[in-house]
Structures are given as C-alpha cells and as structure tokens.
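# Survey of secondary and tertiary structure
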Amino acid sequence: MEFSAQQIASFLNGTVEGNPEVKVNRFSKIEEGHSGSLTFLANPKYESYIYRTKASIVLVNNDFTPSAAVPATLVKVPNAYASLALLMNLAEQTKPKKTGVAPSACIAASATVGEDCYVGEMAYIGEQSVIGKGCLIYPHACIGDRVTVGDGTIIYPHVTIYADSVIGRNCILQAGSVIGSDGFGFAPEGDTYLKIPQIGNVILEDDVEIGANTTIDRAAMGSTLIRRGVKLDNLIQIAHNVEIGKDTVVAAQTGIAGSTKVGERCMFGGQVGLVGHIRIADQVQIGAQSGIARSITRAGSVMGSPGIPARDFFRSRVVFNKLPELYRTLNRLEKEVEALKENNHK
C-alpha cells in the first residue's frame, strides 16, 4: 500500500514541509533510505544523515530545525519515534492474518477455541483451556490444562504455558518463552533438599509482551503477577510470587528474585539483578548491570552494584578512574612524610 506525505501527516496530526504528494510504500533506516521509503529522525546523533538520505519522507519532531537543505519531504510530529510505531502498527494490520486450525494441531475435547483463531501445526491446547477470539497460536506452542488466553493474543512457536496460567487480551509471547514453570523452592532436609510444590499460577494482564526465551515462574501460593502493559525483553528470569507494576519495561538478561514487588512505569536496563523480598517504588530507572539488594522507596535513577543514586554513581566513577593516580600520590606523600620524620630526629 502507498501513502502520501499528506495522508501520513493527517493520520498523525502532523504538518508537511516539502512535497505533500510524494508517496512511500516501505520503511527504512535513515542511513539506508531509498526512494519510496519512509524513515525518521529522533536521536540527534543521526542528524547528519537527514541531509543526504535518499528516503522520500522523514518523520521529525516539531522542534527540529535543519541546519542545511534536506532533500526529503519532512512530516513534523510531536514525537517522531512514537509516530513511527503508529505507522508500523498500521502497516502490520494490513497484512493477511492467519486463520484456521492445522490438521496436526492437538486440541483437547474440553478446550474452547474462539472465533477467527489460528492454531498452527503441532500446537497443543490442554483440557478445559479457553482461547479467546482472534488469537494466533503458532506451530509447536504448548498450552497446558485450564489456561485462559484473552482475545487477540499472539503466541509464537515453542512457547510453553503451564497449567492454570491466565493470559490477558492482546498479549504477545515471543518464541521459546515459558509461562508458569515451577518456582525455585526447596527446603533443606539434612544433606538434601526437599522440593516445595509450587501450587500457584502466573497472571499476565492485558497488553503484556514477553520476549523470546524469557521465563516467568508460577507462584508457590497465590499468583506471580505481570500487570497491564508490561514489556519484558528476551532472556529474562522472573521468579515466583514477583509482581511487576503497570507499564514497566525490563531489558534483556535481567533477573528478579522471588516475592519482589516492582512498581509502575519503571525502566530496567540490561543485566539488572534484584534480590528477593524487596520493593521498588513507581517510576524507578535502574541502569544496566546494576545489582539491587534493598528496597527503593522513591522514584529516581539508580546505578551500580550495590545500587546507589545515579548522580552519586557517576561522581564515584570519576573518583574510581583516578584511583591509580591517587594511589601513586599517596605512596609518594607517605615517603615524603617518612623522610621528614627522619630529618626531624637527626
């Protein structure tokens, strides 16, 4: 499908600078733009590309002022990155949608599958499970007994959803993710460990996205809760009885230990580690590779291991980088003091 600059601006409530009739039919990165493609500029680091890109249309923020001639037509919007996401979602919706049940899919007689669903080859749906309308269940996905999946949810290949899990509407579970595996619960008994049955479940609320090969453990009792709008990247471990608040985003390789409660609208960088049984306040940002060993009670940015306020972390890094020089200075001063003491004794 083709869209003109004017059509795009009207859809995004933006304004056109350049030829309003120029048309595009695909997306491109700004450094790889070509005729007929649409791209965007949101990060100032990429501004140099806008003056030589061959893309036909570039989305830019309203406050962007070019310092040289721009060959492309500009569509100015409040948030270029968010506007690009809206357009890409619109393009995705125009693609043909899979429907129907593959002959090799295995659906229990007591399961219910809603209208307009797709169930791919070798997918499995267990006893008494309920799949909502318009869901896409790709090949080799495994949905256990008594699972509920809300309308419009997408479950990609090799996803495993254990029994009694609850998946909300319009969720996306990327390939290989595991929902509801046993929490890590063992009681010492002599020289061995006694497994503690994990009898709870996992609840994903609406509009949650789970990255590839991410694991969310079922609760020992009660529920592991992933609230509405949470986005989890690939290769994340969420332990039993964790709760993650609405609209929180977590980057890859993060681990959150059992019974920790994370607030709303938090942002975690990659490889963050949180110990168990702590609380993280709303609107906390945790930098990559940080280790959090105690509760964070108010909004703000934290970095380092153990985590400290980001401003203190950067000040500490300045001192840390100077430690070799400070060490040499200290040794020199110690020698000078010793020499002064010897002279005073003579």
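Structure: see above.
Quick look at the structure, then. (Residues numbered from 1 in each chain as written. Predicted model: local features only at pLDDT ≥ 70, side-chain atom pairs only at ≥ 80, totals over all residues. Heavy atoms only, no water.)

### Section: the sheet that holds strand 19 (residues 166-167)
The sheet built from nine strands is open, its strands ordered 10-13-16-19-24-27-30-33-36 with parallel pairing. Each edge of the sheet is formed by a strand with only one pairing partner; in this case those strands are strand 10 (112-113) and strand 36 (279-280). Relative to strand 27 (residues 223-226), strand 24 (residues 201-204) is paired through four bridges, and the arrangement is parallel. Looking at strand 27, one finds that L204 is bridged to I226. (Pairing = 2+ DSSP bridges. Helix = DSSP H or I, 4+ residues; strand = E, 2+ residues; numbered from the N terminus.)

### With respect to the packing of helix 4 (residues 310-321) against helix 5 (residues 323-345)
Following both chains from N to C, one finds helix 4 and helix 5 inclined at 50°, their axes separated by 5 Å at the closest point. What the angle tells us is that helix 4 and helix 5 run oblique. Contact with helix 4, carried on its side by V319, F320 and N321, involves L323, P324 and L326 of helix 5 and no other residues of that element. The residue inventory of the contact of helix 4 with helix 5, partitioned by class, reads five nonpolar, one polar and no charged. (Axes fitted to C-alpha atoms, helices over the stretch in contact; angles between N-to-C directions. Parallel < 35°, antiparallel > 145°, perpendicular 65-115°, else oblique. Contact = heavy atoms within 4.5 Å. Nonpolar A, V, L, I, M, F, W, Y, C, P; charged D, E, K, R; others polar.)

### Things to note about the pairing of strand 24
Within a regular strand, the side chains alternate between the two sheet faces. Inspection of the sheet shows strand 19 paired to strand 24 by two bridges, in the parallel sense. Counterpart to V166 in the pairing with strand 24 is I203.

### Quick word on unusual backbone geometry
Omega for the bond connecting S305 with P306 falls within 30 degrees of zero, at 0°, which places this linkage in the cis form. When you line up the elements, P306 lands in the loop between strand 39 (300-303) and strand 40 (308-309). The backbone of N170 shows a phi angle near 55°, a positive value even though the residue is not glycine. Among the structural elements, N170 can be located in the loop between strand 19 and strand 20 (172-173).

### Description of helix 1 (residues 5-12)
Taken together, the buried positions of helix 1 are A5, I8, A9 and L12. Viewed along the axis of helix 1, the buried residues span an arc of 100°, placing them on a single side of the element. Directly beyond the C-terminal end of helix 1, a positive phi value near 55° is found at N13. (Buried < 20%, exposed > 50% of the residue type's maximum accessible area, 1.4 Å probe, protein only. Arc of directions from axis to C-beta.)

### Structural notes on the side chain of T53
In this fold, T53 is placed in the loop between helix 2 (47-50) and strand 6 (57-61). Classification of T53 by relative accessible area gives buried; the value is 5%. Here A55 takes part through its backbone nitrogen, which lies 3.2 Å from a polar atom of the side chain of T53. The contacts of T53, once residues within four sequence positions are left out, are I30, G33, V58 and P71. (Polar contact = N/O pair within 3.5 Å; in protein donor to acceptor, adjacent residues only side chain to side chain.)

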